[in-house]
Structures are given as C-alpha cells and as structure tokens.
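One-letter residues, chain by chain:
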Number of protein chains: 2
Amino acid sequence: MREEWANSLSEDLHLDLRGPRLRDGLMEALREAIRTGRLAPGAKLPSSRTLGADLGIARNTVAQAYAELVAEGWLTARQGSATRVAPRTETVAAPTPPKPRHRRRIDHDLRPGQPDLSAFPRADWLKAARRALTDAPDEAFGYGGPFGRPELREAVAGYLARTRGVRAHPDQIMICTGASHGLMTIAQVLKQRGVAEIAVESYGLPVHRQHLVKAGLDTPRLPVDADGAVVGHLDDLPDAGAVLLTPSHQFPTGVALHPDRRAAVVDWARRTGGLVLEDDYDGEFRYDRSPVGAVQGLDPEHVVYLGTTSKALAPGLRLGWLVLPPRIARLAAEAKGERDLHLGVVDQLTMAAFIASGSYDRHIRAMRLTYRRRRDQLVAALAEHAPHTRVTGLSAGLQVLVDVPAGEEDAVVQGSAWQGSAWQGLAVYGIGAFRHPDAPADRDALVIGFSTPSASAWSGALAALCRVLP
Amino acid sequence: MREEWANSLSEDLHLDLRGPRLRDGLMEALREAIRTGRLAPGAKLPSSRTLGADLGIARNTVAQAYAELVAEGWLTARQGSATRVAPRTETVAAPTPPKPRHRRRIDHDLRPGQPDLSAFPRADWLKAARRALTDAPDEAFGYGGPFGRPELREAVAGYLARTRGVRAHPDQIMICTGASHGLMTIAQVLKQRGVAEIAVESYGLPVHRQHLVKAGLDTPRLPVDADGAVVGHLDDLPDAGAVLLTPSHQFPTGVALHPDRRAAVVDWARRTGGLVLEDDYDGEFRYDRSPVGAVQGLDPEHVVYLGTTSKALAPGLRLGWLVLPPRIARLAAEAKGERDLHLGVVDQLTMAAFIASGSYDRHIRAMRLTYRRRRDQLVAALAEHAPHTRVTGLSAGLQVLVDVPAGEEDAVVQGSAWQGSAWQGLAVYGIGAFRHPDAPADRDALVIGFSTPSASAWSGALAALCRVLP
C-alpha cells in the first residue's frame, strides 16, 4: 500500500524528481492528492524516510515538504505520532469559473462615447512615461492623497486656463478616475450637506443620473431645446441644490447653452447657493470656431467643473479631474477618502509630462482634424443617401444627433443589428437610450458616434449606416 | 474716457499687441477687467472699430474677442445696440485656495506600512511599460470592465499560484486599487447579502475596520495570541458572516496563524457558509524559511484573498487584487461598478508585463535581502542598546513588534517626537494605534516599520530609535 501509493503519486502526477523545484513539486502533488480525495482526511502518510527512499529523493526534502504542508494546514503532525492528512480537509471541487457572457460581434460600432482607440499616441505616451519616471521624487511612490499628484494638478490648471478659460489654483483641482468618479464624489458631498435634488437635463448619460440616484438624490429634469437646457425651470425646483449640465455641447442633442442661459444659471447658483456641475466632456472639440470657454470661468465659486481625458485621449486611462470651489474642496476630499481610490502615480505623472511637453495639445489638434473630416463626410453621406434624416447640433464633439421620421428610431436601431435573420453587425443608439425617464418621447433620432471606428473601419461603418437609414 | 480705458487696458494688463495670441490676450484682459470690477455690469464697451483703432489692432480681432465673450456669457450683444458687460457679472473675488496643513518635518520615519520608496525599480518598470504599450490591442484603451485587464489577471493568477499557493482561474481575479478597495467591495457584497457582522482581529489596520464600519457592518473582535487570531471565538459570534484575518503575518503583532487555526477557520466557513477574508499584505516576505502558502489554497470556495503591490513594490501604484470564490464574483463586479473606479490600463498592462518578464520576482527577492538585513540589524541593535525591550513575532514582513515595559509605550511614542522642547523628528507608532476599540490595553509595544527609510536614511533612523528606547 505504501509503495503503491508512492508510485502512483509519482506516476500519476508527473512528479519531476530532479531539479531545485523538487520539494515544490512534491508539495503540489500531495495537495492535489488531498484535494481529489485520493488521500483521505485522517490518512496516515509514510514517514519522510520511507517516502524519500520510495521516490529516490532525500529524506530531508520530504520532511521539508511535510513541514510546509503542516504549516499550510493540509497535514497535521503531533509529537511522537505519524504525519496525517488534516481531518478537516474534505474533498473540494475545483471552483468553476464564471461563464463569460457571449456577445455577438459588432462589425460597425457607431455608438457614442468613445474616441478612436487606434489613435492612442503610444510613442508619445511612453516618452512622457520615461520623463515621469526619471523626474519623480521617491515620495511619489508612497500613498497619495485624495487630490492627486501636485505635478498633474499644476499641469491641468494651466491646461484648463489656456484651453477652456477655467480659473483655478492647482489646490482646487482633484484628480479622479474620470467624470463618473468626480460626479459620485460631488453627489456624496451634496447629500451630506442636506441636498435632496440635483436637476439634470432631459437628455443625458443614464449612468450619470444613476450615480446621483445611487447617492440618494432625486433628479428632476430640465427640458432641453435648441438653446440647451431650459435653466429658467430651476426656479420651479426649490429643492434643487445643484444642476448637472453639458453647456459646451449638450449630450446627446449637440446644442450649446445660450449665453443668456449661461448667465442665468450662474445667477441662480448665486441667488440660491446652489452649484452648477459643468460636465465638459468634449469641450476641446469644436470645428466651426474656437471652443467656447467653460461656464466655470464666469464664477469659480459656484461651478464645479468636470473634465476627462476619456474623449480627448482614451477612456482606458481612467483620468479625469474636478475643479472645485474652495469652500467644498475639503468636503470632497473627505468624500473621496484619504488613501483609497486614487489613480496610479505613474499614469498621473505621465499625464503631467504629456501635458507639459505639449503632446496633449498636439494630439487634440490632430484628432480635431480627423473628427472634423469624419463629421463632414457623415453629413455629406446622409444628405446624399438618407434624404429623410436631418443632422442637427453644433459642428463639434464626437457624435451627432440625426433626426429621423417619427416612428423610425426603433426600426433603425433594431434593424441595424438584424435584417430579418441576417446579422447586420451595426451598433447605433437611438436618442431614447439617453432620455430621462420622466421626459416625453417626442423626438425620434439617432445618436451617431463617429469617433468610435478606427481609421480603417470608418468608411465601412458609414456605408453600413447609410444602408439602414430611411 | 473711452481712450483712457483702452490705454489703461493695454498698459495695466501688459497686453501684448502682436502675434497670433492677440485675440486671446484681449479676451483675457477684458475678462480680468470685468472680474476686478473695472468694467462694471451693464457698462457699454467701445465699438470694435473704435477699440481696434485705439489699440492699433484689426477691428475684426476685437469683434472676434467680443463674440467669444458674448458666447461665454461675459458680454451681451443685442441687435442694433452696443456691446455691454453682462448685467449679472458681479465682481467675484478670486477664489482663495485651501491652506495646506503645515506639518513638522519627520527626519526618521519608522512608521509601518510603506516599503523603501527609493528602491522602486524605475528602469524595469519603464521597460515593462514599453512592452505593454507595444503589445496592447487597441481595445485596451477603451472603457474597461470591473475585473480589470485579462493580461494582468492571467499574470496574477500564475504569480499567486507559484508564490502563494493560491488556486484561482484568472476569471476569479479582480484588479483593485489596493487591498482597501478590495475590502470595500467585499464589504458591500456582504452587506447586500444580509451580513451584519464581520469579525476582525483585536489588532489590525484601523482603516480596514473603518471601511467595514462605513459599509454598515459591525466588527466584533477576535483575541490575538502567540498563535494568531483565536478563531474558535467565531462560534460565539453567530451573526458573523465573515472574518478578516492576516494569517501569514498578523498585523501588527507579527505572529503566524497556527495550522490548527487555519484548518479551524476554514471549517467554520464551510459549516456556517461564512467567508474568510485573507489579507495577505506582505506574504512574500519571510526570512527564516520560505513563505507559508495562503489559506485560500485550502478552500477557494470560502476564502477571499486580498493581495496588493503596496508592500512588495509601491503603494503609489494603487494596484491590488481580489481572488474571489466564483459564487460571489458577479456580485463583487456589480458592487465595484461597471465602468467607474478602475485602474488606468497602462499601469495594469505594465504590471502584467512586469510580472511576465520575471521583474516582479527579481525585485521581491532583492527587497527580501534588504529587509532581512535591516531586521537583523534592528534586532541586534535593540539587544545591545535597549535591554528593556523584546522583539517578538516571525522573522518576516516589513515591521516588527517591540515589547516595552508597561507604561513606556506612550512615553516612547511621544518622546520620539519631542524631548522637552527639542524636536526629535522620529516617527514611530505604538501598538495602541492598531488596537480594536473594544480590546483591553494589556500590552505596551512599538510597531517599528523598518522598511520605510531609504537605504541612506536607515542607519540614522535606527540610531535615533535606540536613543529613545528604554
């Protein structure tokens, strides 16, 4: 029995009896024998001398393996008695990993929200990483604070002042893992301050509204018309402590907030002590003129600015920022947590170097040309091939709103995936996907993200879209 | 008045009237004049022709600047009437940034929890980053999922199997920003599943206990003795749905969980359906023998393993992982959130390449030698210079527990900062800083983090410590 066991152990488990890994191999073989039940709980093991002789290896190697497995809890050893399999070690089935969900392949992805990922400036990013790793002080590799690295905050403050008219001292800037993270942080602050409602636009990112709801806030809606959100309606919402807006380029309808409304919403904030949450997700991308500055510049005491690299660079970086009025900076830091959910310091310092070297500006300029060209091609193609559609909104951003005849939105969205039983492989969203649950469904439109395909996939995606449009 | 204003504008604000930035400079000068109140709300601006002539610049440049500022909400322009400063634009004081807290300089930092930051392997990390950026598929730069990049999960699964005896399919691994983030995620899952209590060790990281408390969980304590946490007490806690342990190297007392207790706690989990949360913060660092494998290997269905690079590499990376029993993987993903608090993809892919290339193992081996030497030096120095102290715990990890005579703990902790009115600049923690609020204060000891100083600062820190010890 003893010999048999030892033989079967070395045979069955392909135990390699040479080399420095011998002890480890023996340990793993024993563990496996226990797991599979071949060695039952309570079973007595051969002495290390015997097993060593059987296997032709040093007794000491076996003794070491036993000792390790005792320490790990697989075996027990009592003074003056044999080594045994620990009594509790029931047979445990190998865990079954969760099944990955099967998804049908999307050939033409025109969903909004993602830049052209094939354009990520890998070489320039690596260059910035080299600079960052060379220059970083040792303490940068320690636990960071909730605001993020000072190098990045300074670079962001300069960048936002230069490109977006944002007025901020670096101390007011908080690095986040993206706009969502920033919004969650602010929602928590507002909730703690007793705010019950944050007004949102009738059309917007559902995930943003959900963050607010998860924080325990109600989200009454403001209508959106050709001049952006109807901020005058805030006066009918006495409980609203803040309003979430996309002033530069309303998402997804694509209009700009009218100057009078910019002024009016700042007025509202001053009058009521409320906060304007300015989601400037794609403010850098304007094609018909230079970008309109951020609302934040009008009143840094009443506007929280949310910026992100997700559209300008890559969502995978998880890099965004809040510009905070000084009076809530400390509360936001507490809500974010002292040493918890921060970004990796290498990515932070790399981004700082990427901005400082001018690479960020250069990349944005290049992408602006690319996206502008795509938008022009899209508009021209629709004019030619889809006479019943109408492109609306600014010449800006990474998506357009395409109005379609009443009743056609669902048909196109569903038809882009399947034509009868033939898989079309085209992914587009209707405006309905972005509508506030309380808003009337009075508009049929598609939200076409023209930045999503890679350069080589773009013309195919455009052709596929034209095929399904009315 | 008109001319005077124009002159003072160009003079006071050092408006550079040449070059392509002219319009931007004029815009900023006008904004500043409005901010500071020099241009009052409602004030009429000179026509673009007049101001252009006054300043000696093209009328069109002025008109463009006006148009921009109208779009931003600083100015108003009505058909057929003059451009005016927007009526709402009250003078806004420049925001006062929050004051940084002044902290006295620490010359000798022997607080536990941080590795030697000067040893961060910058060149190898950069090499891994180059590999990562070269090999990454485009889609890696898109929105990631809650589990993290597959490349890293696979590398971690292999690494943990090899070095810690962890049994896991990559699908069970969830990348986090560190052990805290992982713990918060699990706490949320347990709370949602109706768990009311998580047992913790009488000594541990206060921030971990606080994460559980914040999640709405009670944290009854298990005593800790020379064999680690007294897990038999779990039977007196019928409401405990999980237990948080540091089995390999109890923090901060430095003992290992006895093999019988490892078996017993797994038994408890199986019997009750509870979970063992294994915080393996420094399991790689054992100096007297090879590291004892993780409890997770005994029963992957009932143990959640929490790993981190914060001790082995650098806390600034914010990189850790959970190994999840398959039955809670999906719940953990939901708790973590679909696209929110993830790590930057470049850091994730770099870590995957860093592990795959063998750099991580090499770095840990090198640091093991360094820390072992420091620990030996510390033990020898205390034996010689601090006869009333006693080092306890395993030869392992990045900190030691040093027992001091009753009543001496507070004296040393405070005396290390100040000697009378002289700043000593030595930072150490007493064990009291890590004691559960319900635990009796029956032990006076210091927790000395010998990994914190840089190589050049180490001997000075050790000497400073010896000076204040009894």
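Calculation notes
- Note on numbering: residues in each chain are counted from 1, in written sequence order.
- Chains and ligands are labelled by the order in which they are written, letters from A for the one and numbers from 1 for the other.
- In keeping with the model being predicted, local features are shown solely for residues with a pLDDT of at least 70 and side-chain atom pairs are shown and tallied solely at 80 or more, while totals for entire chains, interfaces and linings include all residues.
- To get the side-chain values, take all heavy atoms of the structure and skip hydrogens and water.
- Helix and strand definitions here come from DSSP, where helices need a minimum of 4 consecutive H or I residues and strands a minimum of 2 consecutive E residues; each element is numbered from the N-terminal end.
- C-alpha atoms define the radius of gyration in this analysis, and the globule rule sets the expected value at 2.2 Å times the number of residues to the power 0.38.
- Each residue is assigned to one of three classes by its accessible area relative to the maximum for its type, calculated with a 1.4 Å probe on protein chains only: buried under 20%, partly exposed between the two thresholds, exposed over 50%.
- Whether two residues touch is decided by their heavy atoms; if any such pair falls within 4.5 Å, the residues are in contact.
- Each accessible area is a Shrake-Rupley estimate made with a 1.4 Å probe; only the visible protein chains count as cover when residues are assessed.
- Within this scheme the basic residues Lys and Arg register as positive and the acidic residues Asp and Glu register as negative, but His and the chain ends are omitted.
- Taken as the charge centre is NZ of Lys, CZ of Arg, CG of Asp or CD of Glu, depending on the residue.
- Salt bridges, as used here, are contacts in which a Lys or Arg side-chain nitrogen is within 4 Å of a carboxyl oxygen on Asp or Glu.
- N or O atoms closer than or at 3.5 Å make up a polar contact, with two conditions inside protein: a donor-capable atom paired with an acceptor-capable one, and, for residues adjacent in sequence, both atoms drawn from side chains.
- Gly is put with the polar residues, along with every residue not named as nonpolar or charged; the nonpolar set is Ala, Val, Leu, Ile, Met, Phe, Trp, Tyr, Cys and Pro, and the charged set is Asp, Glu, Lys and Arg.
- For this analysis, a ring pair means two rings from Phe, Tyr or Trp (six-membered ring only for Trp) whose centres lie within 6.5 Å, classed as stacked if their planes differ by under 30 degrees, edge-to-face if by over 60, and tilted for the remaining angles.
- In plain words, nonpolar cores are sets of buried Ala, Val, Leu, Ile, Met, Phe, Trp, Tyr and Cys residues tied together by side-chain atoms within 4.5 Å.
- Patch members must show over 30% relative accessible area and no salt bridge, and they are joined within 9 Å when carrying like charges or within 5 Å when they are nonpolar side chains of Val, Leu, Ile, Met, Phe, Trp or Tyr.
- These domain limits were set by an automatic method or by a database of domain assignments.
- Strand pairing is assigned whenever DSSP detects at least two bridges linking the two strands.
- For helices, the fitted line uses only the C-alpha atoms of the stretch in contact; every axis is such a line through C-alpha atoms, and the angle between N-to-C directions lies from 0 to 180 degrees.
- The sense of a crossing depends on the near helix, which, turned anticlockwise from the far helix by less than a right angle, makes the crossing left-handed and, turned clockwise, makes it right-handed.

**Considerations on the overall build of chain A**
Next up, step 1: When helices and strands are tallied, chain A shows 14 helices and 19 strands.
Next up, step 2: Against the globule reference of 23 Å for 470 residues, chain A gives a C-alpha radius of gyration of 30 Å, more extended than a compact globule.
Next up, step 3: Projected onto the principal axes, the alpha-carbon positions of chain A cover approximately 90 × 60 × 45 Å.
Next up, step 4: A burial count over chain A gives 59% of its 470 residues as buried.
Next up, step 5: Contacts spanning at least 24 positions in sequence make up 74% of the contacts within chain A whose residues lie at least 6 apart.
Next up, step 6: Put simply, chain A shows about 18,700 Å² of open surface, and 50% of that area lies on carbon and sulfur atoms.
Next up, step 7: On chain A, the mean spot of the 56 positive side-chain charges and the mean spot of the 54 negative ones are 5 Å from each other.

**Let's talk about the interface of chain B and chain A**
Next up, step 1: The partner chain A presents 83 residues to the 84 residues of chain B that form the contact.
Next up, step 2: Asp-138 of chain B is the salt-bridge partner of Arg-122 of chain A, the closest N and O atoms lying 2.9 Å from each other.
Next up, step 3: The interface formed by chain B and chain A holds 26 residue pairs in polar contact (both at pLDDT 80 or more) in total.
Next up, step 4: Counting only elements with at least two residues in the side of chain B that touches chain A, the list comes to α2 (22–35), α4 (59–72), α5 (122–135), α7 (179–192), α9 (259–272), α10 (326–336) and α11 (345–356) of chain B.
Next up, step 5: Among the residues forming the side of chain B that touches chain A, the class breakdown is 37 nonpolar, 21 polar and 26 charged.

**A short note on the packing of aromatic side chains**
Next up, step 1: Applying the stated criterion across every chain, the model contains 18 aromatic pairs over all chains.
Next up, step 2: Pairing Trp-125 of chain A with Phe-354 of chain A gives two aromatic rings, centres 5.2 Å apart and planes at 55°, and the pair type is tilted. Taken together, the positions of Trp-125 of chain A in helix α5 (residues 122–135) and Phe-354 of chain A in helix α11 (residues 345–356) put the pair 229 residues apart, joining distant regions of the chain. Exposure class is identical for Trp-125 of chain A and Phe-354 of chain A. Each is buried.
Next up, step 3: Each ring, one from Tyr-159 of chain A and one from Tyr-360 of chain A, has its centre 5.0 Å from the other, and the planes form 50°; the classification is tilted. Taken together, the positions of Tyr-159 of chain A in helix α6 (residues 150–164) and Tyr-360 of chain A in helix α12 (residues 359–385) put the pair 201 residues apart, joining distant regions of the chain.
Next up, step 4: Three or more aromatic residues link up through ring pairs in this structure, and these residues are Phe-120, Trp-125, Tyr-159, Phe-354 and Tyr-360 of chain A together with Phe-141 of chain B.

**Observations concerning the nonpolar core**
Next up, step 1: Within the largest apolar cluster, 134 residues are counted, with the highest numbers of intra-cluster contacts made by Trp-125, Met-351 and Tyr-360 of chain A together with Trp-125, Met-351, Tyr-360 and Leu-465 of chain B.
Next up, step 2: Leaving out residues up to four positions away in the same chain, Trp-125 of chain B has contacts with Leu-133 and Val-346 of chain A together with Phe-120, Leu-313, Leu-317, Leu-319, Asp-347, Thr-350, Met-351 and Phe-354 of chain B.

**Observations concerning a positive patch on the surface**
Next up, step 1: A surface patch of like charges, here positive, comprises Lys-127, Arg-130, Arg-362 and Arg-365 of chain A together with Lys-127, Arg-130, Arg-362 and Arg-365 of chain B.
Next up, step 2: For the positive patch, the secondary-structure elements that each account for two or more residues are α5 and α12 of chain A together with α5 and α12 (359–385) of chain B.
Next up, step 3: Tracing the backbone shows Lys-127 of chain B in helix α5.
Next up, step 4: Classification of Lys-127 of chain B by relative accessible area gives exposed; the value is 55%.

**As for the domain arrangement of chain A**
Next up, step 1: Each assigned domain of chain A is listed here: domain 1 (2–85), domain 2 (108–114 + 367–468) and domain 3 (120–361).
Next up, step 2: The distance between the C-alpha centroids of domain 1 of chain A and domain 3 of chain A comes to 59 Å.

**What to know about the sheet that holds strand β11 (residues 303–308) of chain A**
Residues and elements named next belong to chain A.
Next up, step 1: If you walk across this open sheet you meet the seven strands as β4-β12-β11-β10-β9-β5-β6, and the pairing is mixed. The open sheet has two free edges, formed respectively by β4 (173–176) and β6 (221–222), since each of these has just one partner strand.
Next up, step 2: Looking at chain direction, strand β9 (residues 240–245) and strand β10 (residues 275–279) are connected through four bridges and run parallel. Residue Leu-244 lies in a different strand from β10, and its bridge partner there is Leu-277.

**Remarks on the pairing of β11 of chain A**
Residues and elements named next belong to chain A.
Next up, step 1: For β11, a buried count of six out of six residues is recorded, marking the element as mostly surrounded by other parts of the structure.
Next up, step 2: Of the two faces of β11, the one lined by Val-303, Tyr-305 and Gly-307 and the one lined by Val-304, Leu-306 and Thr-308 are each fully buried.
Next up, step 3: Pairing analysis gives four bridges linking β10 to β11, with the strands arranged parallel. Residue pairing for β11: Val-276 is matched across the bridge by Val-303.

**Description of the packing of helix α6 (residues 150–164) of chain B against α12 of chain B**
Residue and element names in this part refer to chain B.
Next up, step 1: Between α6 and α12, whose axes approach to 12 Å, the crossing angle comes to 35°. Here α6 and α12 pass one another in a crossing that is right-handed. Residues Tyr-159, Arg-162 and Thr-163 of α6 form the contact with α12, whose participating residues are Tyr-360, Asp-361 and Ile-364.
Next up, step 2: A per-class count over the contact of α6 with α12 returns three nonpolar, one polar and two charged.

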